[in-house]
Amino acid sequence: MSTIYLDHSATTPVDPRVLQAMIPYFTEIYGNASSAHYFGRSAENAIEEARETIAAVLKCKPKEIIFTSGGSESDNLAIRGAAWSARQQGKGTHLITTPIEHGAVGKTIDQLAALQGFERTVLPVDQYGFVSLEDFRKACKPGTTLASIMYANNEIGTIQPISELAAIAHEHGALFHTDAVQAAGQLSLDVNELNVDLLSISGHKFYGPKGVGALYIRDGVDITPAQTGGSHERGLRAGTQNTPLIVGLAEALKLAYEELETRTAHYKKVRDQLIGGIIANIPNARLTGHGSKRLPAHASFVFENIQSGALIHLLDDEGIAASAASACKTGSPDPSSVLLALGYSRELAACTLRLTVGTQTKRQDVEFTVKTLVSVVKGLTVQPTVVAQPVLA
Ligand SMILES: Cc1ncc(COP(=O)(O)O)c(C=O)c1O
C-alpha cells in the first residue's frame, strides 16, 4: 500500500544530498574533532565549515553558533543558561513565556520556577495563538531577564511578531529567545531582522538528520553551560561533537534556504488545496490558528464530535500519515493544551488533526486525502436520532 506522508512538522525524511554529504564522516573522516592529528583536524575543519554555512543563513558570526543534540537541547541550554547566568550576575530572576510553547521551553521554565525559585509570567494568547505586544510590555518589569516566545507554533502554525516582541524585551533590558524549530526551512532566520539574542533550530524538521540542532547565541550574551565536561563548543556544551550529523545539519539548512522560494511556493499551493478541500467538503471541520499568518506547510483543524485518536487510526488504515495536535496513541487523547489556551472547549480541543505537507507532497495526494477524510469523518459522525415531535394544538 502506498503511503501519503502528511506529518512533516513531526519530522522530515533526510534529503539524499544531505545523506551523501554525511557518509564520509562516518566511514573515512571519523576522527575526534578535539584530536590534534590529521583525522581530528579534518573533522574539526568540517565542523567549522558547517558552522560557517549555518552562520551564513542566520546572518551571524560563526562563533555565535553552538551545536547541540536537537531542538529540545537548544531550548534547554538557551533558557537555563541565560536564566542562571543572569541570576548569578544579580540581574534578576523573572522569566516570561506563553502557554503554547513546546515542552522543551514550557517545562524547562516550569522546572526553573518549581525547583530554583525563578519567577514566571505566562502570557495569554488570543483565539489564533498570538501574544499581544501590550500584554508583553506590561509583563516586563525590573528583574525580567529572559523572554522565550516561539517563532511559529508546532500545533497551529501561528507565526508570532518576533522582532516587535524582541524590541520590547530589549527596552526592558531582557534577553529574547525564540524557538525557531518549526520555522526553520520555511521562514527567514535572519537573527538581525528578528532582533533575537538566542534562537533554536533542529535538523530533522528541514530534511536533515535527527539528533542534531544548533543554538544561536548573540555575541556578548552570557550563558552558563547546562551540560558540563570538556571544553567543546566554547565550553558551552560538553561532549564530543557528532561530525556527520553536524555536516548533515549544515547541508540541509543550506539547501533549504537555497531552495526556499520554490519550496515554500509548493508548500503553500498544496497546503491551500488541502485546507480548501477540507473546509468545503466537511461541514464540521474548522481551521485552527490564523488563516494567513501561519507556516506555509501547515494545516490544522478541529472536527466537531470526532476524536483525534479514531481519526488518525482510520487515516493510517487508508495509508495517510497524519497527526493530532495532542498525544493520541491510545485513541482517547487529552485535549490539546495549545487549543485550551486559545479558548477552545475541552471537547473540541480533543478533536484535532494536523496535516503538514512537504517537498514530495503531490496534488493527487491532497485529492486522495480530502476524499478519504470526507468518508472517514462521515463514518465517525454520530447521526442524531430523530425524535418525533408532538403536534401542539
Ligand atoms: C516547536 C518545537 N520545539 C522543539 C522541538 C524539539 O525538537 P527536537 O525533536 O529536535 O528535540 C520540537 C519538536 O517537535 C518543536 O516542534
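Residues numbered from 1 in each chain as written. Predicted model: local features only at pLDDT ≥ 70, side-chain atom pairs only at ≥ 80, totals over all residues. Heavy atoms only, no water.

Visitor: Sorry, what's going on with the overall build of the protein chain here?
Guide: Along the protein chain, the regular secondary structure elements total 13 helices and 12 strands. Here the C-alpha radius of gyration of the protein chain, 23 Å, is about what a compact globule of 393 residues would show, namely 21 Å. If you line up the protein chain on its principal axes, its C-alpha atoms span 95 × 50 × 35 Å. For the protein chain, contacts bridging at least 24 residues in sequence account for 74% of all contacts bridging at least 6. For the protein chain, the accessible surface area stands at approximately 17,200 Å², while carbon and sulfur atoms represent 53% of it. In the protein chain, which carries 34 positive and 39 negative side-chain charges, the distance between the mean positions of the two groups comes to 1 Å. (Helix = DSSP H or I, 4+ residues; strand = E, 2+ residues; numbered from the N terminus. Rg over C-alpha atoms; globule rule 2.2 N^0.38 Å. Contact = heavy atoms within 4.5 Å. Areas by Shrake-Rupley, 256 points an atom, 1.4 Å probe, with all protein chains shown as cover. Lys, Arg positive; Asp, Glu negative; His and termini not counted. Charge placed at Lys NZ, Arg CZ, Asp CG, Glu CD.)

Visitor: Would you explain the pairing of strand β3 (residues 94–97) in this entry?
Guide: Looking along a regular strand, one sees the side chains alternate between the two faces of the sheet. Residues His94 and Ile96 of β3 are buried on one face, and the alternating residues Leu95 and Thr97, pointing to the opposite face, are buried as well. Strand direction decides the pairing type here: β3 and strand β4 (residues 119–122), joined by four bridges, are parallel. Paired with His94 across the strands is Glu119, a residue of β4. As judged from the three bridges shared by β3 and strand β5 (residues 144–148), these two strands associate in the parallel manner. Paired with Ile96 across the two strands is Ala147, which belongs to β5. (Buried < 20%, exposed > 50% of the residue type's maximum accessible area, 1.4 Å probe, protein only. Pairing = 2+ DSSP bridges.)

Visitor: Would you explain the pattern of salt bridges in this entry?
Guide: Between side chains of opposite charge, a pair can form when the charged atoms approach closely. This model, assessed by the stated rule, comprises 17 salt bridges. The closest approach of N and O atoms between Asp219 and Lys61, which form a salt bridge, is 2.7 Å. Placement of Asp219 in the loop between β8 (213–217) and α9 (243–258) and of Lys61 in the loop between α3 (38–58) and β2 (65–68) is noted, with a sequence separation of 158 residues between them. Under the relative-accessibility criterion, Asp219 is labelled partly exposed at 37%. Taken together, the shared-partner salt bridges in this structure form one network comprising Asp15, Arg17, Glu259 and Arg263. (Salt bridge = Lys/Arg side-chain N within 4 Å of Asp/Glu carboxyl O.)

Visitor: Teacher, can you tell me more about unusual backbone geometry here?
Guide: Leaving glycine aside, a negative phi is the common case for residues, and trans is the common case for peptide bonds. Within the chain, Lys59 stands out as a residue other than glycine whose phi angle is a positive 60°. One non-glycine residue with positive phi stands out, namely Asn195, at about 70°. Residue position: Asn195 is located in the loop between α8 (191–194) and β7 (198–202).

Visitor: How do you make sense of the site of the ligand when you look at a structure like this?
Guide: Lining the immediate surroundings of the ligand are 13 residues, of which Ser72, Asp179, Gln182, Ser202 and Lys205 lie closest. In this structure, Asp179 approaches the ligand through a side-chain N or O atom, which is 2.6 Å from a nitrogen atom. In this structure, an oxygen atom belonging to the ligand sits 2.6 Å away from a side-chain N or O atom of Lys205. Burial of the ligand by the surrounding chains reaches 84%, relative to a free accessible area of 390 Å². Under a 2 Å grid-point criterion requiring more than half of the atoms, the pocket assigned to the ligand is the largest pocket. The residue inventory of the shell around the ligand, partitioned by class, reads two nonpolar, eight polar and three charged. (Near = heavy atom within 4 Å. Polar contact = N/O pair within 3.5 Å; in protein donor to acceptor, adjacent residues only side chain to side chain. 1 Å grid on protein atoms, 1.4 Å probe; cavity = no way out; pocket = protein on both sides within 12 Å on 5 of 7 lines; lining within 4 Å. Sits in = over half its atoms within 2 Å of the grid points. Nonpolar A, V, L, I, M, F, W, Y, C, P; charged D, E, K, R; others polar.)

Visitor: I keep staring at helix α13 (residues 363–380) and nothing clicks. Help me out?
Guide: Count 3.6 residues to each turn of an α-helix, and residues three or four apart come out pointing the same way. The end-to-end C-alpha distance of α13 is 26 Å, a good match for the 26 Å that 18 residues give at a rise of 1.5 Å each. Looking at α13, one finds that the buried residues are Asp365, Val366, Thr369, Val370, Thr372, Leu373, Val376 and Val377. In the core, the buried residues of α13 are packed alongside β1 (4–5), α10 (260–281), β10 (298–303), α11 (308–317), β11 (320–321) and β12 (352–356). (Expected span 1.5 Å × (residues − 1).)

Visitor: Could you clarify how one ought to interpret the packing of helix α4 (residues 71–88) against helix α5 (residues 103–116) in this entry?
Guide: Two measures define how a pair of helices packs: the angle their axes make with one another and the distance between the axes. Where α4 contacts α5, the two axes come as close as 9 Å, and the packing angle between them is 35°. Like other packed secondary-structure pairs, α4 and α5 cross with a definite hand, here right-handed. For the pair formed by α4 and α5, the contact residues are Ser72, Asp75, Asn76, Ile79, Arg80, Ala83, Trp84 and Arg87 on the first element and Ala104, Val105, Thr108, Ile109, Gln111, Leu112 and Gln116 on the second. (Axes fitted to C-alpha atoms, helices over the stretch in contact; angles between N-to-C directions. Left-handed = near helix turned anticlockwise from the far one by under 90°.)

Visitor: Help me understand the nonpolar core, please; the structure alone is not making it clear to me.
Guide: Where a protein is soluble and globular, its nonpolar side chains tend to be buried together. Leu58, Phe136 and Phe176 are the most contacted members of the largest nonpolar core, which totals 66 residues. Broken down by element, the residue count for this core peaks at nine residues, all from α9. Here this core spans two domains, since at least three of its residues come from each of domain 1 (16–258) and domain 2 (260–377). In this structure, Leu58 is in contact with Ile65, Leu189, Asp190, Val191, Leu199, Tyr216 and Leu253, ignoring residues within four places of it in sequence. Of all hydrophobic cores here, the second largest spans 29 residues; its members include Tyr207, Tyr267, Leu315 and Leu373. (Core = buried A, V, L, I, M, F, W, Y, C linked by side-chain atoms within 4.5 Å. Domains from an automatic or database assignment.)

Visitor: Please clarify how the packing of aromatic side chains should be interpreted in this entry.
Guide: Given two aromatic rings, their pairing is described by the distance between the two centres and the angle made by the two planes. For the structure shown, the criterion picks out five aromatic pairs. Between Tyr38 and Phe39, the ring centres sit 5.7 Å apart and the planes meet at 75°, which makes this aromatic pair edge-to-face. Exposure remark for Tyr38: the relative accessible area of 57% places this residue in the exposed category. Using a relative accessible area of 35% as the deciding quantity, one classes Phe39 as partly exposed. An aromatic cluster of at least three residues, connected via ring pairs, comprises Tyr30, Tyr38 and Phe39. Residue placement shows Lys293 over the ring face of Phe130; its charged tip is 5.8 Å from the ring centre. (Phe/Tyr/Trp six-rings, centres within 6.5 Å; stacked < 30°, edge-to-face > 60°. Lys NZ or Arg CZ within 6 Å of the ring centre and 35° of its normal.)

Visitor: Honestly, the layout of surface pockets in this entry has me stumped. Any pointers?
Guide: One water molecule sets the probe size; rolling that probe over the atoms shows where empty space is left. The volume enclosed by the largest pocket comes to roughly 820 Å³. For the largest pocket, the lining is made up of 37 residues, of which Glu101, His102, Gly103, Asn154 and Glu155 are closest to its centre. Only α4, α5 and α12 (337–341) provide two or more residues apiece to the lining of the largest pocket. Tallying contributions element by element places α5 first for the lining of the largest pocket, with five residues. Each of domain 1 (16–258) and domain 2 (260–377) contributes no fewer than three residues to the lining of the largest pocket. When its volume is computed, the second largest pocket comes out at roughly 190 Å³. Around the second largest pocket sit 13 residues that line it, and Ala86, Lys91, Thr145, Gly173 and Leu175 are the ones nearest its centre. (Points joined across faces, edges and corners; volume = space filled by probe spheres on them.)

Such coordinate-based values are descriptive only and should not be taken to indicate function.
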